[in-house]
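Observations on chain architecture
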Amino acid sequence: MRSLRVVLMAASVLSMVSVQAQTADEIINKHIEALGGKDKVAGIKTLYTEYDMEVMGQQAPGITWLVNGKAFKNEVNFGGQKIIQVVTDKDGWAQNPMMGQATPVAMPADQVKISQANLDPGGPLFNYAAKGYTVELAGKENVNGKEAYKLTAKGKDTATVSTFWIDPSTWYIVKSTSKSNMNGAEMETSLTFSNYKKTDYGFVTPYNMEMSMPQGFTLNIVSKKVEVNKEIDMKLFEMPKQ
């Protein structure tokens, strides 16, 4: 009799896990549909964005170039000084004259691994299982006065744990956090998203983003132009030779 109860309890637990996984998938599917649908997201080969960034009262224009699965570059201009970060499917490099890096330097391996998340325009929730991610539904939480579904995602080959809050009225991501370990120290970055717009391609993306950095300051980013599948020269991502 006892063994029967154990079997029934185990079946009940498995049933709960199955329902939870199905619910998480339903939320993700609705989110992807809100962005334009699976075909639109899967069809993104490149993504080009021009934006304005405000940090500690200073304004700076920036550009990002993304080639799906291959390369990502972010360049922001602070009063004539360019801060550049590049990551590819193999390595990465950076240049930051404001931090004493007047010439490009190779990116440490652990930073490359974390930054390679930028190579995926669909994000970890899109086709998450095929990418080796596990996603769990962690209930609902209040975000800016509204209830949102909370999902956690973790990759099998990374220590980074990402959390997403999805608004059930729009199925857009309104907030995300990412926890990772770099040089033995845990770092957490928080993002909030708003002002979602449909591009000419039909892909919906947030034009306003607020990024809370581990160093204690906040970046406010407003996109001015977003182009999907624009031709991008791969030479843009090459590290300049000294």
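Residues numbered from 1 in each chain as written. Predicted model: local features only at pLDDT ≥ 70, side-chain atom pairs only at ≥ 80, totals over all residues. Heavy atoms only, no water.

1. A look at the pattern of salt bridges
Let me state the cut-off plainly: Salt bridges are defined as contacts in which a side-chain nitrogen from Lys or Arg sits within 4 Å of a carboxyl oxygen from Asp or Glu. Only DSSP runs of H or I reaching four residues or more are called helices, and only runs of E reaching two or more are called strands; each is numbered from the N terminus. Buried, partly exposed and exposed residues are distinguished by accessible area as a fraction of the type maximum, computed with a 1.4 Å probe on protein chains only: under 20%, between the cut-offs, and over 50%, respectively.
Across all of its chains, the model carries 12 salt bridges by this definition. Across the pair D120 and K131 runs a salt bridge, and its minimum N-O distance is 2.3 Å. Of the two residues, D120 sits in the loop between helix 3 (109–115) and strand 7 (133–143) while K131 sits in the loop between helix 3 and strand 7, which places them 11 residues apart along the sequence. Given a relative accessible area of 24%, D120 falls into the partly exposed group. Salt-bridge contacts for K150 lead to E141; the nearest nitrogen and oxygen are separated by 3.0 Å.

2. Some points on the nonpolar core
Put simply, the rule reads: The criterion is simple. A nonpolar core is a set of buried Ala, Val, Leu, Ile, Met, Phe, Trp, Tyr and Cys residues joined through side-chain atoms within 4.5 Å. We call two residues in contact when some of their heavy atoms are within 4.5 Å.
Ranked by internal contacts, the top residues of the largest apolar core, which has 44 residues, are L125 and L151. Considering each element in turn, this core owes the most residues, 5 residues, to helix 1 (residues 2–34). Discounting chain neighbours no more than four positions away, the residues touching L151 are A24, I27, I28, L125, V135, E136, L137, S162, T163, F164 and I166. Among the nonpolar cores identified, the runner-up in size contains 9 residues, and Y48, A71, V86 and I232 belong to it.

3. Brief notes about the pairing of strand 5 (residues 92–96)
Short version of the rule: Only strands joined by at least two bridges in the DSSP assignment are considered to pair.
Buried residues dominate strand 5, accounting for 5 of its 5 residues. Every second residue of strand 5 is oriented toward a common face, with G92, A94 and N96 on one face and W93 and Q95 on the other, all of them buried. Pairing analysis gives 4 bridges linking strand 4 (residues 81–88) to strand 5, with the strands arranged antiparallel. Directly across from V86, in strand 5, lies its bridge partner W93. The antiparallel pairing of strand 4 with strand 5 creates a hairpin that spans 3 residues between the two strands. By the bridge criterion, 3 bridges tie strand 5 to strand 6 (residues 101–106) in an arrangement that is antiparallel. Bridging across to strand 6, N96 finds its partner in Q101.

Purely geometric numbers; function is a separate question.
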